[in-house]
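Summary of structural features
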There are 2 protein chains.
Amino acid sequence: MEVKEALGQLDLLQKKLYAYNAASSSLYLDSVTVAPKDTAEGRGVALGILAGESQKLLTDEKTGELLSFLQEHRGELSEIERREVEELQRSYRQLVQIPADEYMEYAMLTNEASDVWHKAKETSDFELFRPVLERLVAFNRKFAGYYDKEKKPYDALLNEYERGTDMEFLDAFFGEVREKLVPLIEKIGQAEQIDDSFLHRHYPVESQRRFSDYLMEVMGLDRGHCTIGETEHPFTLEFNNQDVRITTNYKEDSVADSMYSVIHEGGHAKYELGIRDEFQYTVLAGGVSMGVHESQSRFYENIIGRSRAFVEAIFPKMQEFFPEQLGDVTAEQMYRAVNKVQPSLIRTESDELTYSLHVMIRYEIEKQLIGGTLEVKDVPKVWNRLYKEYLGVDVPDDKHGCLQDSHWSGGSFGYFPSYALGSAYGAQMLQNMEKDIDVWGPVSKGDLSVVSGWLKDKVHQYGSFLEPADVVKNACGTFDPSVYTDYLTKKYTELYRL
Amino acid sequence: MEVKEALGQLDLLQKKLYAYNAASSSLYLDSVTVAPKDTAEGRGVALGILAGESQKLLTDEKTGELLSFLQEHRGELSEIERREVEELQRSYRQLVQIPADEYMEYAMLTNEASDVWHKAKETSDFELFRPVLERLVAFNRKFAGYYDKEKKPYDALLNEYERGTDMEFLDAFFGEVREKLVPLIEKIGQAEQIDDSFLHRHYPVESQRRFSDYLMEVMGLDRGHCTIGETEHPFTLEFNNQDVRITTNYKEDSVADSMYSVIHEGGHAKYELGIRDEFQYTVLAGGVSMGVHESQSRFYENIIGRSRAFVEAIFPKMQEFFPEQLGDVTAEQMYRAVNKVQPSLIRTESDELTYSLHVMIRYEIEKQLIGGTLEVKDVPKVWNRLYKEYLGVDVPDDKHGCLQDSHWSGGSFGYFPSYALGSAYGAQMLQNMEKDIDVWGPVSKGDLSVVSGWLKDKVHQYGSFLEPADVVKNACGTFDPSVYTDYLTKKYTELYRL
């Protein structure tokens, strides 16, 4: 075989993987937006087949031979082609461990699980979800062994979402979080509380939709390449760097909910839309890890979106969208309201400060579930106990407890910690950004282009060309969780006049 | 190989074809509903790959061997399995003729063409669409040779949409249509005209949406398995017999437009939803031909939906949805208004009687384009001349002329005649239905279940298990276009008191 011919095959292989991925994404997007409700079965058949074909392609002996051949001729490849081969070989070696039938069965299971979870959550019926969750946990424990049999199962899963992290690393990280933030939250509990009642006046969905359009404009999201939809749980879905979809969920009695969902998902979208064209339709397209992805979404949401400069910049416009609701409110009141600290039940509605504790609870439970020291049937009990212990709140039912998140029903175990890690990365990015550029001058004028430019330069453009650790190093320097806890301590000490 | 093993492979083969089809459908549905506008390129890459994979699978030597093996052992197969093998062999023999690269290129072209056509139509710019249309025509002429090199190109294409028809058959059919209907339309032009001005009062979209929900209920369409969306051009898209989508387009100044779109697309949906479970995920799922499909949609739309019994039955409810607009209107006025004959420019807005002439014009043009006796650049000229000749109307621009339909941009040449054929089939179905059951008693009470039951029994349930000609025979008896022209003559003679 000639190298040129092999590169042609490499290109086609990656385009096929892209196509299967785009197809599954499209079917998924449909299922959570417009599909009629009793249609999971037929979609599951299609998704199962597509997942199977994608896996068969990646685990085909011919693919292995092609990758070995290109690896042997790596001297003749461009840097990008070398990275493509490297990434594909990693997937190949991992996937050849997973039997094709188990892979297909799992794809069908996650499709079914999503349906069951929706029903279970609606009726707060954990028993309905339990058998499915048991199967999901069993699959993930087994798959962890396929991913890396040298690692403990949960470490192997963590590695899937944030290559290089493990329980030791995360135990230390969450240790710092617990040590610094728990006393801070306690002090805040004793301080004078912030009034955010005006956030809960009546905000009609139609006005909120127009407000979302404005926020997307402020973020510089080109609507020709990025739409906004409405789903129960907001998410971002990328087809390629020209086609990204975000969704939000409007609550008429809480304007900040959708506002910060839009900014959060918009952050994910900025990442995907900022990836270089040359990586498109290859395995180097797409954000590099969940942690880095969350660093971007949470950077826009919290570090920028909940900054005094940003809130002051957009507030006059916000008053135009909601004149009756916000006529008697000042920008400073708004800034304080969107930063109100309130230990609560729902992760996605929690504030910037207590958020990491919500994540820590899920981390503890997943660690034990996958580690085999906790049975699925006991999840609600442990969940409720930890919420009481870390956040001091009583969980009234599983709908507001362990059934609130979609992650497990989608088969994601080991994903949650990346939310907290992403926040920590973000704090370090801010520190470095402030050394390089004037961050707050432009932001205080509602201009995010300078911030976005820095992030595109340091993070977005690379897609998966650099390793996660290298992106983090590039944008953050050496990982140091105390930068994160210091950032929070400074911000909330000032806010609550501690 | 054992027969049992071969049947397992047959099952998997068909499930894969189903999955590729579902994936492409999902991407298509997305593209015409929610996708951001500048995203055709990436979708085209995915659709091209999927079409290529589907074609590769069907034309794989192993597929050929499998089908031959099963054909040899046909004595050991069930009747359904035999039909699956037969259908697959027909596709196999046809597709092995088409080079894989041409097939992929064509899939990408139709994706691009859809975009170009939209822009060309918007700006009434035929020159923009011309080069794409030229490529589409060239591809179709070439593909016609692959489909059946014994046939004339257009006959080969016609055979794709309605197996068994050809130009000789259609020339005779349209001859009858022309002979009987042109004088009828002329007489109507000289009669007292119907007042339908109240159909063009202001009908808010929101009320029309609720009216659509009601119409779907009347048609017995289960919303758990069938959604309604909104697109520029209404269509029906089926994933399987549990998952069908219809779309409509609301015009605030014309209530009958969406009303009859919903009933028309609802008719297509009834067909797909009524197919037997045992055919799902096989090549026997799905309606058998375009003509038979149109017979169902047009049966519900015109023969039922524009009958006096149906209009009288739903009119009181219609007045509830539109009290201000229809308060001063009677059911009889409504019946006459929705049947007003008006030679016009736009096919999809034309009445039941002149509709076939719109189709005939497209038939004449396609026949010549594919036959090579008409150049693409001359399409607008010929189009405008024929509209003047058959319908007596002047075409002001190509937006209201040859750019109005999406079919050619989607690569469909030979599809149009099936609309007229479907109408003719429908008239014969009515004749037979009236012999079997009381049609109008239940319909006059707004109960379509008896009609739907007859159609399900004679047509829907079979999917593609029977040949198109056998379905037609089953439901219509011997094809006789004069039943159609008689039906129209009787209806419109009474309506216009001729």
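Residues numbered from 1 in each chain as written. Chains lettered and ligands numbered in written order. Predicted model: local features only at pLDDT ≥ 70, side-chain atom pairs only at ≥ 80, totals over all residues. Heavy atoms only, no water.

Topic: the overall build of chain A
A tally of helices and strands in chain A yields 21 helices and three strands. Compactness check: chain A gives a C-alpha radius of gyration of 23 Å against a globular reference of 23 Å for 498 residues, within 12% of the reference. In terms of its C-alpha atoms, chain A occupies a principal-axis envelope of roughly 75 × 50 × 45 Å. For chain A, buried positions account for 60% of its 498 residues. At a minimum sequence separation of 6, the contacts of chain A that also span at least 24 residues come to 74%. As displayed, chain A has an accessible area near 19,800 Å², and 48% of this comes from carbon and sulfur atoms. Separation of charge centres in chain A, based on 55 positive and 84 negative side chains, amounts to 1 Å. (Helix = DSSP H or I, 4+ residues; strand = E, 2+ residues; numbered from the N terminus. Rg over C-alpha atoms; globule rule 2.2 N^0.38 Å. Buried < 20%, exposed > 50% of the residue type's maximum accessible area, 1.4 Å probe, protein only. Contact = heavy atoms within 4.5 Å. Areas by Shrake-Rupley, 256 points an atom, 1.4 Å probe, with all protein chains shown as cover. Lys, Arg positive; Asp, Glu negative; His and termini not counted. Charge placed at Lys NZ, Arg CZ, Asp CG, Glu CD.)

Some remarks on the packing of helix α10 (residues 255-273) of chain A against helix α11 (residues 290-304) of chain A
Residues and elements named next belong to chain A. With their axes 7 Å apart at the nearest point, α10 and α11 run at an angle of 135° to one another. In this view, α10 runs oblique relative to α11, as classed from their interaxial angle. As for how α10 packs across α11, the hand of that crossing is right-handed. Together, Tyr 260, Ile 263, His 264, Gly 267, His 268, Lys 270, Tyr 271 and Glu 272 of α10 and Val 292, His 293, Glu 294, Gln 296, Ser 297, Arg 298, Tyr 300 and Glu 301 of α11 make up the contact between the two elements. (Axes fitted to C-alpha atoms, helices over the stretch in contact; angles between N-to-C directions. Parallel < 35°, antiparallel > 145°, perpendicular 65-115°, else oblique. Left-handed = near helix turned anticlockwise from the far one by under 90°.)

A look at the pattern of salt bridges
Residues and elements named next belong to chain A. Tallied over the full model, the rule gives 83 salt bridges over all chains. A salt bridge links Lys 121 to Glu 232; its shortest N-O distance comes to 3.4 Å. Of the two residues, Lys 121 is situated in helix α5 (residues 100-122) and Glu 232 in the loop between β1 (226-230) and β2 (236-240); the sequence distance between them amounts to 111 residues. In this structure Lys 121 comes out as buried when scored by relative accessible area, which is 13%. Between Glu 467 and Arg 163 there is a salt bridge whose closest N-O contact spans 3.0 Å. In this pair, Glu 467 is assigned in the loop between α19 (449-458) and α20 (468-476) and Arg 163 in the loop between α7 (153-161) and α8 (167-190), connecting sequence segments 304 residues apart. Classification of Glu 467 as partly exposed rests on a relative accessible area of 26%. Residues participating in the shared-partner salt-bridge network are Arg 83, Glu 86, Glu 87, Arg 90, Arg 163 and Glu 467. (Salt bridge = Lys/Arg side-chain N within 4 Å of Asp/Glu carboxyl O.)

A few points about α5(A)
An α-helix turns once per 3.6 residues; consequently, residues spaced three or four apart project the same way. Residue and element names in this part refer to chain A. Taking 1.5 Å of rise per residue, 23 residues should cover 33 Å, and α5 covers 34 Å from first to last C-alpha, within 8% of that figure. Of the residues making up α5, those classed as buried are Glu 102, Tyr 106, Ala 107, Leu 109, Thr 110, Asn 111, Ala 113, Val 116, Trp 117, Ala 120 and Lys 121. The elements touched by buried residues of α5 are α2 (40-59) and α6 (126-147). Ser 124 lies just past α5 and shows a positive phi near 50°. (Expected span 1.5 Å × (residues − 1).)

Notes on the side chain of B:Asn241
Residue and element names in this part refer to chain B. Here Asn 241 is to be found in the loop between β2 (236-240) and β3 (243-248). Given a relative accessible area of 6%, Asn 241 falls into the buried group. Here the side chain of Asn 241 touches Asp 277 through a polar contact of 2.7 Å, side chain to side chain. Beyond its immediate chain neighbours, meaning those up to four positions away, Asn 241 contacts Glu 272, Leu 273, Ile 275, Arg 276, Asp 277 and Gln 280. (Polar contact = N/O pair within 3.5 Å; in protein donor to acceptor, adjacent residues only side chain to side chain.)

Thoughts on the nonpolar core
Note on soluble globular proteins: their nonpolar side chains tend to be buried together. One finds A:Ile365 and B:Ile365 to be the most contacted residues of the largest nonpolar core, which totals 341 residues. A per-element tally of this core places helix α1 (residues 3-33) of chain A first, with 13 residues. (Core = buried A, V, L, I, M, F, W, Y, C linked by side-chain atoms within 4.5 Å.)

Comments concerning the pairing of β2(A)
Residues and elements named next belong to chain A. Of all five residues in β2, four are buried; the element is thus mostly enclosed. Relative to strand β3 (residues 243-248), β2 runs antiparallel, the two sharing four bridges. Bridge pairing links Leu 237 to Arg 245 in β3. (Pairing = 2+ DSSP bridges.)

Focus on the sheet that holds β2(A)
Residue and element names in this part refer to chain A. The strand order β1-β3-β2 describes an open sheet built from three strands, whose pairing is mixed. Every interior strand has two partners, whereas the edge strands, β1 and β2, have only one. Direction aside, neighbouring strands of the sheet carry axes that sit 20° apart on average. With five bridges joining them, β1 and β3 adopt parallel strand pairing.

So, the interface of chain B and chain A
Contacts between the two partners involve 39 residues from chain B and, on the opposite side, 39 residues from chain A. For the pairing of chain B and chain A, the buried interface totals around 2,800 Å² over both sides, and the portion due to carbon and sulfur atoms is 62%. The tally of links between chain B and chain A comes to six salt bridges. One salt bridge connects A:Glu53 with B:Lys16, and the closest N-O pair in it is separated by 3.2 Å. There are 16 residue pairs in polar contact (both at pLDDT 80 or more) connecting chain B and chain A. For the side of chain B that touches chain A, the secondary-structure elements that each account for two or more residues are α1 (3-33), α2 (40-59), β1 (226-230), β2 and β3 of chain B. Element by element, the count of residues in the side of chain B that touches chain A is highest for α1(B), at twelve residues. (Buried area = accessible area lost by both parts, 1.4 Å probe.)

Some points on the relation of the copies chain B and chain A
When chain B is brought onto chain A, the operation consists of a screw motion whose angular component is 180° and whose axial shift is 0.0 Å, with 0.0 Å RMSD remaining. What the superposition gives is, in effect, a two-fold axis relating one chain to the other. Residue B:Ala23 of chain B places its C-alpha closer to the rotation axis than any other residue of that unit, at 2.5 Å. Same-surface contact between copies: 100% of interface residues of chain B are shared with the interface of chain A. (Least-squares fit on C-alpha atoms with pLDDT ≥ 70 in both.)

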